[in-house]
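Now for the letters of each chain:
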Protein chains: 2
Amino acid sequence: MRILGIDPGSRVTGYGIVVKQGPELGFVTCGTIRTAGERDFSRRLLVIFEGLCQVIEQHRPDVAAVEDLFLARNPRSALKLGQARGAAVVAALQRRLAVHDYTPRMVKQAVAGYGQADKEQVQRMVEMLLGLNGSPSSDAADALAVAICHANHVDHLAALGR
Amino acid sequence: MRILGIDPGSRVTGYGIVVKQGPELGFVTCGTIRTAGERDFSRRLLVIFEGLCQVIEQHRPDVAAVEDLFLARNPRSALKLGQARGAAVVAALQRRLAVHDYTPRMVKQAVAGYGQADKEQVQRMVEMLLGLNGSPSSDAADALAVAICHANHVDHLAALGR
């Protein structure tokens, strides 16, 4: 099972794909979609949408896991973040991927063992869990962490019949 | 020029299309996309996206105008609203429509003459400006109002060379 993890952001959206074979996790790809160069906010949403469509086209994941971002500081930034997330979720759904949501806390818990882990700890743990040579960028690592989080939940979800 | 107006919402998304021929405005269609029945929030985004894609497919608008919603009460609802808006904007953009943003104030100003107009005033003015027989629902009227707002700005935008 190939799992696409997405860490949406209005400036940088991270993505990462892991493959789960039984209890084993393998690395497929990761990267970032950068939109800061777009003058127009709406155009950023299209860049996120099309960037993720391209990743899905190329790597054919079976399912998507998207970080849920309820920690926005204020309504204005939540609205921007929300739009980026909406563009990302729709990219996955319209390619017929099921989308699972995980809070930042659940993601950190899954990769680092506790919900307050900082970005560097997440990066290091992702590197270790997937046996990477070198560190992915913070946004790509977050996306891989979301994918790993879903991998850990798959058996649990199966047991619940979802 | 056919203008698609969109009033995005995570439960109800209104849409309306008007046709502008010189200074004349005509009514093409309007309606709502209801997502409240979806258990899953992500599925709501897909319903919005696919619903708007279908409207665009059927009525072939030339441009889209989307209400910008910065009046959300709190980050949590802003995040939901933002995701609905992101799904709507991406539907328009990936069908190659330019997307223009208008604040609720600009929309009310355009149809009712002042920025504090209430929902019923907007409904009545939309009905009058488009010569409708009967009142569209509040969400559909809001979407038509956004389209009318863009129609009023078209000449201005042209003068600015946009």
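Since this is a predicted model, take the numbers as computed values, not measurements.

Colleague: Looking at this structure, I do not really get the packing of aromatic side chains. What am I missing?
Modeller: For any pair of aromatic rings, the description rests on two quantities: the centre-to-centre distance and the angle between the ring planes. Applying the stated criterion across every chain, the model contains 1 aromatic pair over all chains. Ring geometry for Phe49 of chain A and Phe49 of chain B: centres 5.8 Å apart, planes at 40 degrees, overall tilted. Of this pair, Phe49 of chain A sits in helix H1 (residues 41-59) while Phe49 of chain B sits in helix H1 (residues 41-59), which puts the two residues in different chains. Phe49 of chain A sits in the buried class, given a relative accessible area of 3%.

Colleague: Sorry if this is basic, but what is going on with unusual backbone geometry here?
Modeller: Glycine aside, residues mostly have negative phi, and peptide bonds are mostly found in the trans state. With a phi close to 50 degrees, Arg60 of chain A is a non-glycine residue in the positive phi region. Inspection of the secondary structure assignment puts Arg60 of chain A in the loop between H1 and strand S4 (63-67). The phi dihedral of Arg96 of chain B is positive, around 65 degrees, even though this residue is not glycine. Of note, Arg96 of chain B is situated in the loop between helix H2 (75-93) and strand S5 (98-102).

Colleague: What am I meant to see in the pairing of strand S2 (residues 12-21) of chain B here?
Modeller: In the case of a regular strand, side chains alternate between the two sheet surfaces. All names here are of chain B. With 8 of 10 residues buried, S2 lies mostly within the body of the structure. Both strand S1 (residues 2-7) and S2 contribute to a ladder of 6 bridges, which runs antiparallel. Looking at S2, one finds that Ile6 is bridged to Tyr15. Where S1 folds back onto S2 in an antiparallel hairpin, the turn is made up of 4 residues. Pairing of S2 with strand S3 (residues 24-34), which is carried by 10 bridges, proceeds in the antiparallel orientation. Paired with Thr13 across the bridge in S3 is Ile33. Turn length for the S2-S3 hairpin, with the two strands adjacent in sequence and antiparallel, is 2 residues, and the turn residue Gly22 shows positive phi of about 60 degrees.

Colleague: What exactly am I supposed to notice about the interface of chain A and chain B here?
Modeller: By a widely used convention, the size of an interface equals the accessible area lost when the partners come together. Contacts between the two partners involve 28 residues from chain A and, on the opposite side, 28 residues from chain B. For the pair chain A and chain B, the summed buried area comes to about 2300 Å², and 65% of that belongs to carbon and sulfur atoms. Of all residues in chain A, Ser42, Leu79 and Val90 of chain A give up the largest surface area on contact with chain B, accounting jointly for 21% of the area buried on that side. The tally of links from chain A across to chain B stands at 4 salt bridges. One salt bridge in this structure joins Arg76 of chain A and Asp68 of chain B, with 3.9 Å as the shortest N-O distance.

Colleague: Quick question: what am I supposed to make of the relation of the copies chain A and chain B here?
Modeller: With an RMSD of 0.0 Å, the operation that places chain A on chain B is a rotation of 180 degrees combined with a shift of 0.0 Å along the axis. What we have between these two chains is a two-fold relation. A share of 100% of interface residues in chain A that are also interface residues in chain B marks the association as one of identical surfaces.

Colleague: I tried to follow the pattern of salt bridges on my own but got confused; where do I start?
Modeller: When the charged atoms of two side chains with opposite charge come close together, those side chains can pair. Residues and elements named next belong to chain A. Counted by the stated rule, this structure contains 16 salt bridges over all chains. The shortest N-O distance in the salt bridge between Glu57 and Arg95 comes to 2.1 Å. Pair noted here: Glu57 is in helix H1 and Arg95 is in the loop between helix H2 (75-94) and strand S5 (98-102), with a separation of 38 residues, a long-range link. The exposure class assigned to Arg95 is partly exposed, which follows from its relative accessible area of 32%.

Colleague: What am I meant to see in the environment of Leu45 of chain B here?
Modeller: With respect to the helices, strands and loops of the structure, Leu45 of chain B is situated in helix H1. Given a relative accessible area of 0%, Leu45 of chain B falls into the buried group. Put simply, Leu45 of chain B and Gln94 of chain B are 49 residues apart on the chain and 15 Å apart in space, counted from C-alpha to C-alpha. Leu45 of chain B has contacts with Gly86, Val89 and Val90 of chain A together with Gln83, Ala84 and Ala87 of chain B, leaving out every residue within four places of it along the chain.

Colleague: Looking at this structure, I do not really get the sheet that holds S5 of chain A. What am I missing?
Modeller: Paired through their backbone hydrogen bonds, the strands of a sheet run either parallel or antiparallel. Residues and elements named next belong to chain A. Across the sheet, 5 strands lie side by side as S3-S2-S1-S4-S5; this open sheet has mixed pairing. Across the chains shown, the open sheet's two edge strands, defined by having one partner strand only, are strand S3 (24-34) and S5. For this sheet the average axis-to-axis angle between neighbouring strands, irrespective of direction, equals 20 degrees.

Colleague: What am I meant to see in helix H3 (residues 104-112) of chain B here?
Modeller: All names here are of chain B. Of the residues making up H3, those classed as buried are Pro104, Val107 and Val111. Taken around the axis of H3, the buried residues stretch over an arc of 65 degrees, which confines them to a single face. Looking at the residues trailing H3, positive phi occurs at Gly113, about 90 degrees.

Colleague: I keep staring at the environment of Pro23 of chain B and nothing clicks. Help me out?
Modeller: Residue and element names in this part refer to chain B. By the element assignment, Pro23 lies in the loop between S2 and S3. Residue classification places Pro23 among the exposed positions, given a relative accessible area of 77%. Spatially, the C-alpha atoms of Pro23 and Asn152 are 8.9 Å apart, while their sequence positions differ by 129 residues.

Colleague: Please clarify how the sheet that holds strand S4 (residues 63-67) of chain B should be interpreted in this entry.
Modeller: Residue and element names in this part refer to chain B. Overall, mixed pairing links the 5 strands, which are arranged S3-S2-S1-S4-S5 in an open sheet. Among the strands making up the open sheet, the edge pair consists of S3 and S5. Pairwise comparison of adjacent strand axes, ignoring direction, gives a mean angle of 20 degrees for this sheet.

Criteria and thresholds
- Residues numbered from 1 in each chain as written.
- Chains lettered and ligands numbered in written order.
- Predicted model: local features only at pLDDT ≥ 70, side-chain atom pairs only at ≥ 80, totals over all residues.
- Heavy atoms only, no water.
- Phe/Tyr/Trp six-rings, centres within 6.5 Å; stacked < 30°, edge-to-face > 60°.
- Helix = DSSP H or I, 4+ residues; strand = E, 2+ residues; numbered from the N terminus.
- Buried < 20%, exposed > 50% of the residue type's maximum accessible area, 1.4 Å probe, protein only.
- Pairing = 2+ DSSP bridges.
- Contact = heavy atoms within 4.5 Å.
- Buried area = accessible area lost by both parts, 1.4 Å probe.
- Salt bridge = Lys/Arg side-chain N within 4 Å of Asp/Glu carboxyl O.
- Least-squares fit on C-alpha atoms with pLDDT ≥ 70 in both.
- Axes fitted to C-alpha atoms, helices over the stretch in contact; angles between N-to-C directions.
- Arc of directions from axis to C-beta.

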